[in-house]
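So the chains spell out like this:
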Amino acid sequence: MTAWTVMLRGIRYRAGRSFVVFLLAVTATTAAVLAPAYSRAAQQSVLTDGLSTASTDATGLTVGAKGTADSAAFMDLAEIRLAMNAALDKDRLLDERLDRPVAAIDTEVTYGGASARLAFRQDVCAQLDLDGACPDNPGEVAVSRRTAAAHELKPGDQIAVHLGPEGAGRDKTFKITGLYAPKDANAAYWGRTAYFSAGADGDGERADALFSLTEDDLRAEPSATLSTRLEYPLRADRVRLDDVAGLRESLQTLGDRMRGHELDVTTTLPAVLHDIDTDQSAIARTAPVIAVPLLLLCWFVLFLLVASLTEERAPEIALAKLRGYPSGRAARFGLGEVVLLTAAAVPVGLAAGLGLVQLAASALLAPGVGAEVRWQVFAAAGVAFAAGIVAAVLAARQTLSRPVLGLLRRVPERGGWRAGVTEGVVVAAAGASLVAAVGDRTSPLALLAPPLLALVLGIAAARLLGLWSAARLRIARRRGRIVPLLSAAQLSRRPGGQRLVVVVTVAVALLSFAATAWDVAARARSDAAQDAIGARQVYTVNAAHPDALAAAVAKADPSGHSMAVVRASQRFDNSPIELLGVQADRLAGVAVWRGHSREQVGAVAARLHPVAADPLRLGKDLGAEVTVDALPAKPALRLAAIVANPGQPPRTVTLGALAKGTHNYHAALTGCTAECRLIGLAVGRAAGGSDPFAVTVAVRGLTTDGGPLSPGFDLAGRWQARHAAIGGATVAVRAGAALGIDVSGSDPADAVVEHVDTPDALPAVLAGGAPTDDAGAASFSLPGFSEQPQPFTVAARTDSLPRAGRRAVMFDLDYATRMAERTASLADNGSLRYEVWAGDGAPADLGARLGSLGIQVLRTESIDGYTDQLGRRAPALGLWLYLLAGGAAILLALGVVLLTAYVGVRARLYELAALRVAGVRAGQLRRALFREYRALLGLPLVVGLAAGIVGALVMLPGVPLVTVGEPAGSFSYEPSLGALPIALALTVLGLLLTVVVVLRLLGRATPLRLKDGAQ
């Protein structure tokens, strides 16, 4: 009979035990494979998700030029395409990851007093809803329906367009072939070019783009500035981890090649990849740290497995030695079955690990990401097998080296000094990890603190269980209680039981730590998403100016469930401060402000918008009835009005030269829209000079478009003198039936009296200290939406503002705009960022409505979407691996429980059968077994659960839970139906089922077992 036959027959003879050994070996291999396979898939998921969620213009590539006829901007698109194709033919990596390009040319033109783009865009008619024909022929254009209605145009009309700069260039006449509306103004096809931006801007009227499908029509004027380009979208689904380094190099090479053709390559893809690298690096660091405790547990389980099996076969090994087997052959005889089962488990564990990663990828990771079969996976399986062999040799060494008489002993040997040394090493390692955690909780050694502490507690629990069992045994012996006596005797004399306590304690601690961390992180991600987004949905948009955005939002959502938001950034003490202008009357129904109820937000909003006078809206003209009792001989004086169109800088309009007596002054307001407002009145010299003068003016009334205004002359404080520079004129204002204005001085500048339609200081909610020397100050000055400092008063303080963070100022958008427009134009303020926040009741098609009103939506974000996105970043993906590792640890623990039952089961059944014959009832034996396993599993369950939860609460404040590099800091844990209770319930259920299996196994202890002394 060969050695193989002996091993196979032994495996078959001990089928139940062999199956448990096989499952444990499979679990160990699966755990080893899990870390590299999952880490690779998670890194790929971060890459795919990062590229997919980034905007198309951020990941895409643009090749082209901008300039006049002496530049490459006048090159045919076919030539640019030919040059690009030649470059991409030499770089298949980049070529295969770029989608078909969209060719585009555009230039600024004017017609009918409006400015617009004359644009060529490839296949544009497929993206337009056309009334009429597509402008396929030279001299043809398509005009938007909105522009056609404003300028009374229709298909078939001629339209004269001026190409080139003002005062130069040429006029070209086009035939209108059709009227269009974009099917989706926010589609990725349009890129970042604002084709549909009709409305008023800082320079006058702006019209939607005119589309032509003839390139030469745009090149008709050499002095015109053209932007000619090919826009290549990135195929994000084709970019793999191994491609990233090559892509960076390819983009650099492509830029060098295109510069030879005087073409520029523009892309922000390297910056996007750099941001993604941060999460990928975190996963690469986290996965091994998470895998180490699990792998050590696997190794320890294999060590226990082989030690127990070898101990069980000690009599057989003794017989082999008595029959003359040399030591080496006896060792092979003792280890053969275990080695064979471990080797057979490698391919199964490899497949199970890859299958588990594939399942996790399908449920958790980005679409298209799966498990990859790479050499690292096979290496991990090989390491697991080698570790199993080493564990087998070390575990069996003590048994195999014993003499024959020692092998035939039935009394378990006591632990020696080696066990004490091992426990001392574990305690020292746990102490080192605690010291590391005090200094830096994110260090790899610090992250090992929870499992090492669990191991220390498991060893302590095992020792305490042994002492407690010995004490209980003495008490039960004195009292003659059978059930406690039997359970305590087994617990006190079985060394395998104490090892079982250690394994279960560590496994439960790993799972409870992971589940607690996951629940805390899930809550932290939800809170972070609410703070980062600020509303159920947020649209980042392009707008001409704040008033244009507010008007569009009012039309798009008359119900008031969305609001316009304008943001800016300022700096104080070298730290950024975020400015947030909101529509206060809509804030309570839209904003998601964590820690604030809707009523509380409404109360804050009321403070931001105290009662103030309505703006004085003007029509096409302005009239003033003014009385002047006395005029100086010189200089000649005039009366003027300061008016502002939304988005445009304020301008001074002369009403007329002041004359003695009561007169009506009048001026036409060219270019004033329905939203034009009167900012103030000015008294000054009709010509230059610095001669001193003094005059008193009484303004009795103001009219516009034939109707009176309500200027509130009789209200104190409604009109105020504008603060003049040092040495300026002295201006006094007197309220009454007529507004009295006293001016004296020699300042050549106008003396201005402003209509006060805002609070003196802008009420604000402040997050962080006040941006002044006194952080607790109740007022401060800061440039708001203009370059001039504006006064603010602190209406409320808070820890954090939605979508703005912990260093921010929130105020009313309407008042802030009115203040800024007294001195500046907001249409040409490139530092302003425009957003639309949508609440629960906002229209589902709000983005499309905004697009139809000329507000281009650049990006759409939501709390749910951002939460999902955070769930696919490095911290969350690392915690998923921790959960998988914790689950694998529990499976190992359950396997060890079964193994301890199967190892020596024949001898145990023999003992139980003998007790039955001796008169011990079957019920008493079952209760004794249940007591035994209740202590063996209940104690480590409680200790492990406490160790995991406490370890999590201690470690998590210093560990990034939401984004890399940002520790959680303070957090709250609220018990709910999350990962921890589910993990605990499944663990308890698994342990109970295992105990049931053990009880059924030991239920076969019948008196027939004593026949012929069979054990």
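None of these values were measured; they are calculated from a predicted model. (Residues numbered from 1 in each chain as written. Predicted model: local features only at pLDDT ≥ 70, side-chain atom pairs only at ≥ 80, totals over all residues. Heavy atoms only, no water.)

A. Region of the structure containing the overall build of the protein. Within the protein, the secondary structure is distributed over 28 helices and 33 strands. Contacts spanning at least 24 positions in sequence make up 79% of the contacts within the protein whose residues lie at least 6 apart. As displayed, the protein offers around 44600 Å² of accessible surface, 57% of which is attributable to carbon and sulfur atoms. (Helix = DSSP H or I, 4+ residues; strand = E, 2+ residues; numbered from the N terminus. Contact = heavy atoms within 4.5 Å. Areas by Shrake-Rupley, 256 points an atom, 1.4 Å probe, with all protein chains shown as cover.)

B. Looking closely at the packing of aromatic side chains. All chains considered together, the criterion is met by 15 aromatic pairs. Ring geometry for Phe792 and Phe811: centres 5.6 Å apart, planes at 55°, overall tilted. Of the two residues, Phe792 sits in strand S30 (residues 789-798) while Phe811 sits in strand S31 (residues 808-812), which places them 19 residues apart along the sequence. A relative accessible area of 1% places Phe792 in the buried class. Counting every residue linked through ring pairs, the aromatic cluster contains Tyr180, Tyr189, Trp190, Tyr195, Phe196 and Phe211. We note Lys172 situated over the ring of Phe174; from NZ or CZ to the ring centre the distance is 5.4 Å. Cation over ring: Arg525 sits above Trp518, and NZ or CZ is 4.5 Å from the ring centre. (Phe/Tyr/Trp six-rings, centres within 6.5 Å; stacked < 30°, edge-to-face > 60°. Buried < 20%, exposed > 50% of the residue type's maximum accessible area, 1.4 Å probe, protein only. Lys NZ or Arg CZ within 6 Å of the ring centre and 35° of its normal.)

C. View of the sheet that holds strand S15 (residues 575-582). The strand order across the open sheet formed by nine strands is S29-S30-S28-S31-S15-S14-S32-S13-S33, and the pairing between neighbours is mixed. Among the strands making up the open sheet, the edge pair consists of strand S29 (779-783) and strand S33 (856-862). Along the sheet, successive strands turn relative to each other by an average axial angle of 35°, direction set aside. When S29 meets S30, the two strands line up antiparallel, connected through five bridges. From the neighbouring strand, Ser779 faces S30, where its bridge partner is Thr793. Against the sheet, helix H21 (residues 598-608) engages S15, strand S28 (762-767), S30 and S31, with an angle of about 135° to S28. (Pairing = 2+ DSSP bridges. Axes fitted to C-alpha atoms, helices over the stretch in contact; angles between N-to-C directions.)

D. Spatial organisation of the state of the cysteines. This model, assessed by the stated rule, comprises one disulfide. Across the disulfide from Cys125 sits Cys134; the S-S distance is 1.8 Å. Sign of the S-S torsion, about 80° for the bond between Cys125 and Cys134, identifies this disulfide as right-handed. (Disulfide = S-S within 2.5 Å.)

E. Summary view of the pairing of strand S2 (residues 102-111). Of all the ten residues making up S2, eight are buried; the element is thus mostly covered by neighbouring parts of the structure. As judged from the six bridges shared by S2 and strand S11 (residues 226-232), these two strands associate in the antiparallel manner. Looking across to S11, one finds that Asp106 is bridged to Ser227. Two strands pair when backbone bridges link them, and S2 and strand S3 (residues 114-121) are joined in this way by eight bridges, in the antiparallel orientation. If you follow Ile105 over to S3, its bridge partner there is Phe120. Hairpin connection of S2 to S3: two residues between the antiparallel strands, including Gly112 at a positive phi of 55°. Sheet topology places S2 next to strand S6 (residues 158-163); two bridges connect them, and they run antiparallel. When the sheet's bridge partners are listed, Val109 is paired in S6 with Leu163.

F. Quick peek at H21. Within H21, burial applies to Val601, Val604, Ala605 and Leu608. Projected down its long axis, H21 carries its buried residues within an arc of 105°, all on one side. Seen from the open side of H21, the exposed residues pointing more than 90 degrees away from its buried face are Glu599 and Ala606. (Arc of directions from axis to C-beta.)

G. Representation of the pattern of salt bridges in the model. For the structure on display, the rule yields 42 salt bridges. Two residues, Asp49 and Arg872, come together in a salt bridge whose shortest N-O distance is 2.8 Å. You can see Asp49 sitting in helix H2 (residues 15-53) and its partner Arg872 sitting in the loop between helix H24 (863-870) and helix H25 (874-902), a full 823 residues away along the chain. Across the salt bridge formed by Arg638 and Asp750, the nearest N and O atoms sit 2.9 Å from each other. Separated by 112 residues along the polypeptide, Arg638 in strand S18 (residues 637-644) and Asp750 in the loop between strand S26 (739-745) and strand S27 (751-755) bring together distant segments of the chain. Judged by relative accessible area, Asp750 falls into the partly exposed class, the value being 27%. If you follow the salt bridges from partner to partner, you end up with Arg567, Glu578, Arg803, Arg833, Glu835, Arg859 and Glu861 in one network. (Salt bridge = Lys/Arg side-chain N within 4 Å of Asp/Glu carboxyl O.)

H. Broad picture of the side chain of Arg818. Positionally, Arg818 belongs in helix H22 (residues 813-820). Note on Arg818: relative accessible area 9%, which makes it buried. At a separation of 2.6 Å, a polar atom in the side chain of Arg818 contacts the side chain of Asp814. If near-sequence neighbours (up to four positions away) are discounted, Arg818 is found in contact with Ala613, Pro615, Arg677, Asp757 and Thr758. (Polar contact = N/O pair within 3.5 Å; in protein donor to acceptor, adjacent residues only side chain to side chain.)

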